[in-house]
Amino acid sequence: MLKGKQALVTGSTSGIGLGIARALAAKGANLTINGFGDAGEIEKLRASLASEFGVEVVYANADLMKPAEVESLIRSIEARAGAVDILVNNAGIQHTAKVSEFPVERWDAIIALNLSAAFHAIRCALPAMEKRGWGRIINIASAHGLVASPMKSAYVAAKHGIVGLTKTVALEQARTRITCNAICPGWVLTPLVQKQIDARAAEQKISVQQAKLDLVSEKQPSQEFVTPEQLGELCVFLCSEAAAQVRGAAWNVDGGWLAQ
């Protein structure tokens, strides 16, 4: 379905981003992956994706907190392929603290990566999408783009901002073949979340399985985690012709979190 399309997935060396990258590659999209990690391990990942799916996979180590590097990343893909056909803004970081105690530098970093980087990527990618007459922009927000939790002011502010940015871009592109939507996952079982589970189990002296159930049950009535594979398949749908009139949506995938 996506053969010949060029997809950029930020924060895609693990977790949600990797799940999305795999799903797009499985449908034939060429990939640019981005994220931090051990250079050797990233090269193994790049090569394995290319081999498994028979697509072109390029790794770009751009620091998305720097607007100039975001623009350079987009321009490098355009020089190679003409345009970024599918842009998935997924990269993000988190920090928890009361507003009165929130470190200013952490606020600035979270806003820079979780919100501003997406704006700059969209800003830079849109002209070539418009010239080509087709594009899919998918912003990975969060259930925290629609509701709030204590101790997460920067993350909640950034994710609410992503939802607003998504709607604005969708309206500006409403009469084109370029769509912009947000996906709002609840708890996703990624390596980062597994670390939280392991820490909870050690701290409370309970089993890892019990810690996992306790964590997910706090928010999600299904008592099950969302998977990166499920989010990847939703991205594939949003890239399809069936989703041509899905515009400006904030699609929650959250085990019933927002239904409460």
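Heads up: these notes are all about the structure in this document. The model shown is predicted, which means the values in this text are computed figures rather than measured ones.

### Let's talk about the sheet that holds strand 3 (residues 57–60)
Strand pairing in a sheet relies on backbone hydrogen bonds, with the paired strands running either antiparallel or parallel.
Here is step 1: The seven strands lie next to each other as 3-2-1-4-5-6-7, forming an open sheet whose pairing is parallel. Because the sheet does not close on itself, it has two edges, and the strands there are strand 3 and strand 7 (250–253). This sheet shows a mean twist of 15° between the axes of neighbouring strands, independent of strand direction.
Here is step 2: Helix-sheet contacts for helix 1 (residues 15–26) involve strand 1 (6–9), strand 2 (30–34), strand 4 (86–89) and strand 5 (135–140), and the interaxial angle to strand 1 is about 170°.
Here is step 3: Set on the sheet, helix 3 (residues 67–81) makes contact with strand 1, strand 2 and strand 3; between it and strand 1 the angle comes to about 160°.

### Examining the environment of Ala158
Here is step 1: The topology assignment puts Ala158 in helix 5 (residues 153–172).
Here is step 2: Here the alpha-carbon distance between Ala158 and Gly92, two residues 66 residues apart in the chain, equals 9.7 Å.
Here is step 3: Beyond its immediate chain neighbours, meaning those up to four positions away, Ala158 contacts Ile110, Ile111, Asn114 and Leu115.

### Concerning the layout of surface pockets
Here is step 1: Here the largest pocket is characterised by a volume of approximately 1,400 Å³.
Here is step 2: If you go around the largest pocket, you meet 45 residues; those closest to its centre are Gly92, Ile93, Gln94, Thr190 and Leu192.
Here is step 3: Elements represented by at least two residues in the lining of the largest pocket include exactly helix 1, helix 5 and helix 6 (191–204).
Here is step 4: No other element matches the five residues that helix 6 contributes to the lining of the largest pocket.
Here is step 5: For the lining of the largest pocket, the residue count by class is 21 nonpolar, 18 polar and six charged.

### Some thoughts on the nonpolar core
Here is step 1: Ranked by internal contacts, the top residues of the largest apolar core, which has 35 residues, are Ile20, Leu24, Leu31, Ile86, Val88, Ile138 and Ile183.
Here is step 2: Of all the secondary-structure elements, those providing two or more residues to this core are strand 1, helix 1, strand 2, helix 2 (39–53), strand 4, strand 5 and helix 8 (228–239).
Here is step 3: Top contributing element to this core by residue count: helix 1, with seven residues.
Here is step 4: Counting residues in each nonpolar core, the second largest holds 31 residues, with Ala121, Cys124, Leu126 and Cys184 among its members.

### Concerning empty space enclosed by the protein
Here is step 1: Counting across every chain of the model gives one cavity of 30 Å³ or more.
Here is step 2: In this structure, the largest cavity occupies an estimated 90 Å³ of space.
Here is step 3: In terms of lining, the largest cavity is formed by 15 residues, of which the most central are Thr10, Asn89, Leu113, Ala117 and Ala118.
Here is step 4: Elements with a contribution of two residues or more to the lining of the largest cavity: helix 3 and helix 4 (104–132).
Here is step 5: Considering only residue class, the lining of the largest cavity consists of eleven nonpolar, four polar and no charged.

### Considerations on the packing of aromatic side chains
Here is step 1: Scanning all chains against the criterion turns up two aromatic pairs.
Here is step 2: Between Phe102 and Trp107 the ring centres are 6.5 Å apart and the planes differ by 85°, which places this aromatic pair in the edge-to-face class.
Here is step 3: The exposure class of Phe102 is buried, given its relative accessible area of 10%.
Here is step 4: Relative accessible area serves as the criterion here: at 34%, Trp107 is assigned to the partly exposed category.
Here is step 5: Above the face of the Trp134 ring, Lys5 is positioned so that its terminal group lies 4.0 Å from the ring centre.

### With respect to helix 4
Here is step 1: Taking 1.5 Å per residue, 29 residues should reach 42 Å; helix 4 reaches 41 Å between its end C-alpha atoms and fits that length.
Here is step 2: Downstream of helix 4 by a residue or two, Gly133 has a phi angle that is positive, lying close to 85°.

### Things to note about the packing of helix 3 against helix 4
Here is step 1: Between helix 3 and helix 4, the shortest axis-to-axis distance is 8 Å and the interhelical angle comes to 25°. The angle between helix 3 and helix 4 falls in the class roughly parallel. Both helix 3 and helix 4 take part in a crossing whose hand is right-handed. Taking contact as the criterion, the partners of Pro67, Val70, Glu71, Ile74, Arg75, Glu78 and Ala81 in helix 3 are, on helix 4, Ala117, His120, Ala121, Arg123, Cys124, Ala125, Ala128 and Arg132.

### A short note on unusual backbone geometry
Only a minority of non-glycine residues have a phi that is not negative, and only a minority of peptide bonds are not trans.
Here is step 1: Despite not being glycine, Met151 has its phi angle at roughly 75°, a positive value.
Here is step 2: Position of Met151 among the secondary structure elements: in the loop between strand 5 and helix 5.
Here is step 3: Phi at Lys205 is positive, roughly 55°, even though this residue is not glycine.
Here is step 4: Structurally, the position occupied by Lys205 is in the loop between helix 6 and helix 7 (208–217).
Here is step 5: By relative accessible area, Lys205 is classed as exposed at 74%.

Reading the values: the criteria
- Residues numbered from 1 in each chain as written.
- Predicted model: local features only at pLDDT ≥ 70, side-chain atom pairs only at ≥ 80, totals over all residues.
- Heavy atoms only, no water.
- Pairing = 2+ DSSP bridges.
- Helix = DSSP H or I, 4+ residues; strand = E, 2+ residues; numbered from the N terminus.
- Axes fitted to C-alpha atoms, helices over the stretch in contact; angles between N-to-C directions.
- Contact = heavy atoms within 4.5 Å.
- 1 Å grid on protein atoms, 1.4 Å probe; cavity = no way out; pocket = protein on both sides within 12 Å on 5 of 7 lines; lining within 4 Å.
- Points joined across faces, edges and corners; volume = space filled by probe spheres on them.
- Nonpolar A, V, L, I, M, F, W, Y, C, P; charged D, E, K, R; others polar.
- Core = buried A, V, L, I, M, F, W, Y, C linked by side-chain atoms within 4.5 Å.
- Buried < 20%, exposed > 50% of the residue type's maximum accessible area, 1.4 Å probe, protein only.
- Phe/Tyr/Trp six-rings, centres within 6.5 Å; stacked < 30°, edge-to-face > 60°.
- Lys NZ or Arg CZ within 6 Å of the ring centre and 35° of its normal.
- Expected span 1.5 Å × (residues − 1).
- Parallel < 35°, antiparallel > 145°, perpendicular 65-115°, else oblique.
- Left-handed = near helix turned anticlockwise from the far one by under 90°.

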